[in-house]
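Geometric and topological summary
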Number of protein chains: 4
Amino acid sequence: MPSECTPRFLASDNTSGICPEAMQYLLEANQADDLAYGNDRWTARAADRFREMFDYDCDVFFVFNGTAANSLALSAMGRSYHSVICHELAHIETDECGGPEFFSNGAKLLTSPGANGKLTPQGIEALVTKRSDIHYPKPKVVSLTQATEVGTVYSREELLAIRAMADKHDLRLHMDGARFANACASLNASPAELTWQVGVDALCFSGTKNGLAFGEAILFFNRELAEDFSYRCKQAGQLASKMRYVSAPWLGLLESGAWLTNAEHANAMARYLSEGLQALPGVSLMFPTQANSVFVELPPHAIEALKAKGWTFYTFIGAGGARFVCAWNTTVELLDQLLADVKAVLDVRA
Amino acid sequence: MPSECTPRFLASDNTSGICPEAMQYLLEANQADDLAYGNDRWTARAADRFREMFDYDCDVFFVFNGTAANSLALSAMGRSYHSVICHELAHIETDECGGPEFFSNGAKLLTSPGANGKLTPQGIEALVTKRSDIHYPKPKVVSLTQATEVGTVYSREELLAIRAMADKHDLRLHMDGARFANACASLNASPAELTWQVGVDALCFSGTKNGLAFGEAILFFNRELAEDFSYRCKQAGQLASKMRYVSAPWLGLLESGAWLTNAEHANAMARYLSEGLQALPGVSLMFPTQANSVFVELPPHAIEALKAKGWTFYTFIGAGGARFVCAWNTTVELLDQLLADVKAVLDVRA
Amino acid sequence: MPSECTPRFLASDNTSGICPEAMQYLLEANQADDLAYGNDRWTARAADRFREMFDYDCDVFFVFNGTAANSLALSAMGRSYHSVICHELAHIETDECGGPEFFSNGAKLLTSPGANGKLTPQGIEALVTKRSDIHYPKPKVVSLTQATEVGTVYSREELLAIRAMADKHDLRLHMDGARFANACASLNASPAELTWQVGVDALCFSGTKNGLAFGEAILFFNRELAEDFSYRCKQAGQLASKMRYVSAPWLGLLESGAWLTNAEHANAMARYLSEGLQALPGVSLMFPTQANSVFVELPPHAIEALKAKGWTFYTFIGAGGARFVCAWNTTVELLDQLLADVKAVLDVRA
Amino acid sequence: MPSECTPRFLASDNTSGICPEAMQYLLEANQADDLAYGNDRWTARAADRFREMFDYDCDVFFVFNGTAANSLALSAMGRSYHSVICHELAHIETDECGGPEFFSNGAKLLTSPGANGKLTPQGIEALVTKRSDIHYPKPKVVSLTQATEVGTVYSREELLAIRAMADKHDLRLHMDGARFANACASLNASPAELTWQVGVDALCFSGTKNGLAFGEAILFFNRELAEDFSYRCKQAGQLASKMRYVSAPWLGLLESGAWLTNAEHANAMARYLSEGLQALPGVSLMFPTQANSVFVELPPHAIEALKAKGWTFYTFIGAGGARFVCAWNTTVELLDQLLADVKAVLDVRA
């Protein structure tokens, strides 16, 4: 990014900071000393709030980040000689530097294509039935991302169909909820409706992208999978000694309802941007805008020109694709600036 | 802890909160969006400050906690079929739930006794020379804790003697600096004098115990060992997406000098408590008080009575041993209360 | 070993070769091509013979060596954050170069002392109850060696007492049967009586020490632990493509009864040697001779002199201890030579 | 396979047995006891013969099977956060049940297409340059199979071009030599010409497919990579206690020259079969027959009919593809029977 420009952040929802509701609880948790390793006044309370919010007596664990949350959950759902079925664009496949393979001590990820970043029952079955000999890792888990890497969401019907296929082949169902709150907001569905009610065994619910500094919650609806999981977290370097600085901010999100309003805001901003971009001649959307990300195809010169103006965004999806991600603190003003800049850079050549 | 009592925290330096200097930087880092994964305005600056402070062009990495810092550093210093020599009371042996074995994929820890929680050159050599066949893991690393688990410190002479022994047997030297700042304060020595100048290859410097919410810095003075280490951190779930919430508070500690004044305060409080306890009849110190921990032998009824009064402390060191740990925010008032309570519970039976 | 001497082998039962019964089957298996990966005419038959011999419908797997057998069985019986309780002299602790830690991805071995190389219920309980927090790996498995590393055997009563303790603390029971046949012979007990009838969950039965070139059988009496175990063997490099060269020789041992007669012979030879040594002045036995190993204390000059005469034996058990191991092909002539040589070297100084 | 049929083996070169030259040495090694763990009279001699045969002072290790050989070699060539570039049909990707991922503790395999089962410099570069961020494992090794999985061979020119690309991107070069002898025979090239002279860092040379019962040799031409490798083998369950039963048969292959004549014979048989099949109407070859495997497309009814006649062969390569593999003991008579049967089953429908 050119030094003369103030960066303008739409690269990811992890460029935003701590939201006020989370910060308030963080500051409150800092008012007094407290017990370590989760035995404080905040952690059990936050876990209870998750159970209320999901209307289910699930097991809840807090870890530092998404790599760990997904990798540890997956390692508890299978063994080293099992495989995990995921979409070819899944974060666990493309952006964790082999984290799932490392924590599971060698489990293989089997990837499937699928429109709009979504796994299909057929895609899953194709991978399961491709091989059945011991020379290839046995499929044991389906991992899907809700909302997906390309800003779409699985409907409840789609989730039920995947669960049915998982049942057919004795597979466990893992949900990477890096943007789970955005999916709830998008589908106007409760957390329960998108998880245990459709047969999800374990959910990794991201707080970081939702307004925290760090912190992901792992929820096991299939509680057998959570046996001794606290030992696993400890051994794997994911037990915070000052746990309250993860759990209290989480509690801030949950008790205030910010977990949802943050997501609703981000989604609304993405829709605003999406509509604005689609109104510009020469801009075409790559995927439906169903959560807080907008993917558009832009000519190379436009991408360069926007970067030169300080806009931060990723271009990893295919040739000419640009991803803009909105967060809890994205403003209409910022998006209007972007829309104006996109219009301007496109006009230059037009 | 009985519910009627307000807990009074001397269990560990991880029951204290975020110190003001760290909090100030955290709040400042929260003023604006910033790039993720350490590409923000804070992380490089914090790493540079470490290099200045150690007067050495070392490689610096930030991870979430001590389990990860030590385990990842050790895994970079050897391979799965190597072994790590450490004191029998070392945290990596006694309190990481097999973290070093997990991250290294099987390296064995070989433990040595040693007075005052300290390894000796003789103890190291005894382990190295015990076996030399391929049926036993080959020693590759010496790990020592500065300050030690029992609140003592290695002098520069002791460190040089250990380094000489390490050289004799081609061993790398790892320092668990969970309380490194306390050691610097205790010895009135610079960070350089206690690390690369005495041949330390890698240091894990704890910020958590020094006044942060989370965050340890791994410093490689032997930079060959740091090759591709950033990939290791990422794969192992230790790369924070919002890294600035680790690095900015660290910068607060470093730029304000709080890293040292916090330690000096904690050490002074420990000395105050140690002297007060020794003045009581029937109380005997288990180890010299050289850092921020005080270990005393107390009769069982006294331990029970103190716990009933809400004091939190550990009793894991031998029969009748109690550990009190002071932190950056421990007050003379709190310690006076403790001394009064100890006196009272001892008098009861006397 | 001095080059002028012909080596005389009593170092271990792995210096002996393939016994005639095993060789006959090996040669027969070599008469024609056959299917790979255990789908041949021999492997299922060998597994069936194990089930008959143990009078139990157990799951049977063949692997190459003892490191793999024990490490894979243990990795199936726990997870990386669990621990395995074993005797401080157990082979898995002292001579596998961290194999169990490697295959389990970090499980810790917790060692216990115990007279005559044997774990006791009290020793097990002491380790289980020492810690119950998540900072230390949770005990999940007891591993005992039958016959032990020092040539003794667990009686059925001792095994039942260990099983009772294992039940009390929800532990699984693994038996390292490197010299299981010798234990059966020594106790005049059936394989069933020493395994599933006393609650053993998994047995690693060594063929190598019993007269094969390679090959260990892993028998799971607790069949839940064997779920997908064939995948584990494959992934871990322990599935032989020409499996019949492991399974056919095993079948030779089983169908001929050589598995037992070989062990009986080795035990008898050990008793002969033990009695002969005890008859010599100045020689004292270190452990009762209950299987095929004899441990005696000899003066250093005697050990040197015997090695100079070409005798191969280990001296790893304490100062001055020498271990002589008899095998299926050890002869009275060889032992008489040894006894004469021991007598001679002791006389020299007397 | 229908029980009424005698199986006729062309499924793989691992359905054949031990060749006479190997058996002779095995029997000789069984004449007397010998030292364990490779300290016998055979192992060093076999390693020396490899060094003579390759005209290079390489480090030589013996392991049990190909899964282990490749996985251990690769784990020594990179770390868990590195990746290995291989062809999409490479055995390490398709048939090791995640072995490379397991032994390396998580390294990812990156696959590339390529005509005739061969990697190309362009394919390698495409994978290396696709990503350069820490969120994806860093490519460190190129693994190629010589001869390939589809029975073709890399010429020296192709190998040199791959080496040049590896140099450009600082990659190490691993050769899976499951059929290395067949490649030497096919190219009429010396072992040296196909390995260190073209920059191969490590070769896994299969004895099992060449006429042994088990046993692969790992040769490190880049000896730095072999540092402490014997510990790795031991820890990973690949150190045979009765090592002479791997090394003596290897010596038989090497000293008799059978390693090459066996391969020449198998290749000649494959050419004979290939020519015979091509002469039949309606049969088309899928890949050039350059080593000991023949891949042909057959109509489904023909495949079924041949299996019904007892022929064992694989059909894993694409729709309608059949693989026939010749070995050291394949006879013209057997191939003539196959050709007659193929002709007959094709005629049925014609």
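Along each chain, numbering runs from 1 in the same order as the chain's sequence is written. A letter from A marks each chain and a number from 1 marks each ligand, given out in the order of writing. Side-chain atom pairs in this predicted model are given and counted only at pLDDT of 80 or more, local residue features only at pLDDT of at least 70, and totals for whole chains, interfaces and linings cover all residues. For the side-chain quantities, the full set of heavy atoms in the structure was used; hydrogens and water were omitted.

As recorded in an unreviewed UniProt entry, chain A goes by L-threonine aldolase and comes from Vreelandella aquamarina. UniProt positions are given in the numbering used here, feature names are shortened, and annotations may be inferred rather than shown by experiment. Taken from UniProt, the Sequence similarities (unreviewed entry) comment for chain A reads in full: "Belongs to the threonine aldolase family." In UniProt, chain A has this text filed under Function (unreviewed entry): "Catalyzes the cleavage of L-allo-threonine and L-threonine to glycine and acetaldehyde."

Helix and strand content of chain A: 13 helices and 12 strands. The C-alpha atoms of chain A give a radius of gyration of 20 Å, which matches the 20 Å a tight globule of 350 residues would have. By principal-axis analysis of the C-alpha atoms, chain A measures approximately 60 × 55 × 35 Å. To sort residues, take the accessible area from a 1.4 Å probe on protein chains only and compare it with the maximum for the residue type: under 20% means buried, over 50% means exposed, and anything in between is partly exposed. A total of 350 residues make up chain A; the buried ones form 67% of that total. Helix numbers and strand numbers start at the N terminus; a helix is a DSSP run of H or I with at least 4 residues, a strand a run of E with at least 2. Just to be clear, the radius of gyration here is over C-alpha atoms, and the globule rule we use is 2.2 Å times residues to the power 0.38.

All names here are of chain A. Each assigned domain of chain A is listed here: domain 1 (8–15 + 259–349) and domain 2 (20–256). The gap between the C-alpha centroids of domain 1 and domain 2 is 27 Å. A contact between two residues is defined here by any heavy atoms of the two lying within 4.5 Å. Listed by partner, the interface residues are 22 residues for domain 1 and 23 residues for domain 2. Between domain 1 and domain 2 the total buried area reaches about 1900 Å² when both faces are included, carbon and sulfur atoms providing 55% of it. Two parts lose some accessible area (1.4 Å probe) when they are put together, and adding that loss for both gives the buried area. When residues of domain 1 are sorted by the area they lose upon contact with domain 2, D13, W259 and Q290 head the list and together hold 38% of the total. Whenever Lys or Arg places a side-chain nitrogen within 4 Å of a carboxyl oxygen from Asp or Glu, that contact is recorded as a salt bridge. The interface formed by domain 1 and domain 2 contains one salt bridge. By the criterion applied in these results, polar contacts are pairs of N or O atoms within 3.5 Å in which, for protein atoms, one can donate a hydrogen and the other can accept it, and in which residues neighboring in sequence qualify only through two side-chain atoms. Linking domain 1 with domain 2 are nine residue pairs in polar contact (both at pLDDT 80 or more). Listing elements by their share of the side of domain 1 that touches domain 2, those giving two or more residues are α11 (258–278), β10 (293–297) and β12 (321–325). Looking at which element gives the most residues to the side of domain 1 that touches domain 2, the answer is α11, with seven residues. A class-by-class count of the residues in the side of domain 1 that touches domain 2 yields 11 nonpolar, eight polar and three charged. Domain delimitation in this document rests on an assignment produced automatically or drawn from a domain database. Ten residues, namely Ala, Val, Leu, Ile, Met, Phe, Trp, Tyr, Cys and Pro, are considered nonpolar, four, namely Asp, Glu, Lys and Arg, are considered charged, and the remaining ones, Gly among them, are considered polar.

This part takes up the relation of the copies chain C and chain B. What relates the two chain copies is a rotation about an axis together with a slide along it. A least-squares fit on C-alpha atoms brings the copies together, and the residues used are those whose pLDDT is at least 70 in both copies. Mapping chain C onto chain B is achieved by rotating through 180° and translating by 0.0 Å along the same axis, at an RMSD of 0.0 Å. The symmetry that links the two subunits is that of a two-fold axis. Both copies contact each other with a shared surface, as 100% of the interface residues of chain C are interface residues in chain B too.

Looking now at the packing of helix α2 (residues 43–54) of chain D against helix α10 (residues 244–256) of chain D. All names here are of chain D. Where α2 contacts α10, the two axes come as close as 8 Å, and the packing angle between them is 35°. Seen along the crossing, α2 lies across α10 with a hand that is left-handed. Along the contact surface, α2 presents T43, R45, A46, R49, F50 and M53, while α10 presents R244, S247, W250, L251, L254 and E255. Along the lines of polarity and charge, the residues of the contact of α2 with α10 split into six nonpolar, two polar and four charged. Only the stretch in contact is used when a helix axis is fitted, and all axes are lines through C-alpha atoms; the angle between N-to-C directions ranges over 0 to 180 degrees. It is the rotation of the near helix from the far one that decides the hand of a crossing: anticlockwise by less than a right angle makes it left-handed, clockwise makes it right-handed.

The next subject is the nonpolar core. In these notes, a set of buried Ala, Val, Leu, Ile, Met, Phe, Trp, Tyr and Cys residues joined through side-chain atoms within 4.5 Å is what counts as a nonpolar core. Counting 140 residues, the largest nonpolar core has C:F50, C:F205, C:W250, D:F50, D:F205 and D:W250 as the members making the most contacts within it. Once you skip the residues sitting within four places of it in the chain, C:F50 turns out to touch C:V60, C:F62, C:F205, C:A217, C:L219, C:W250 and C:L254. Within the second largest apolar cluster, 138 residues are counted, among which are A:A22, A:A147, B:L212 and B:M243.

All names here are of chain B. Multiplying 1.5 Å by the helix residue count minus one yields the expected span of that helix. With 13 residues, helix α10 (residues 244–256) should reach 18 Å at 1.5 Å per residue; the first-to-last C-alpha distance of 17 Å fits that figure. Burial analysis of α10 places 11 of its 13 residues in the buried class, the great majority of the element. Along α10, the residues that are buried comprise R244, Y245, V246, S247, A248, P249, W250, L251, G252, L253 and L254. Against the buried residues of α10 lie α1 (20–29), α2 (43–54), β2 (59–63), β7 (202–206), β8 (216–220) and α11 (258–278). Just downstream of α10 lies G257, where phi reads positive at about 80°.

Rotating chain D by 180° and moving it 0.0 Å along the rotation axis overlays it on chain C with an RMSD of 0.0 Å. Comparing interface residues between copies, 100% of those in chain D also sit at the interface in chain C, which points to an isologous, same-surface contact.

This paragraph deals with the interface of chain D and chain C. At the junction of the two partners, chain D supplies 50 residues and chain C supplies 50 residues. Across the chain D to chain C interface the summed buried area is about 4200 Å²; carbon plus sulfur atoms make up 58%. Taken as a group, D:F214, D:Q235 and D:K242 account for 17% of the area that chain D buries against chain C, more than any other trio of residues on that side. At the surface where chain D touches chain C, the tally comes to two salt bridges.

Residue A:Q146 is joined to A:A147 through a cis peptide bond whose omega torsion reads -15°. Within the secondary structure, A:A147 is located in the loop between β5 (138–145) and α7 (156–168). Unusually for a residue other than glycine, D:D170 sits at a positive phi of about 55°. Within the secondary structure layout, D:D170 lies in the loop between α7 (156–168) and β6 (172–177).

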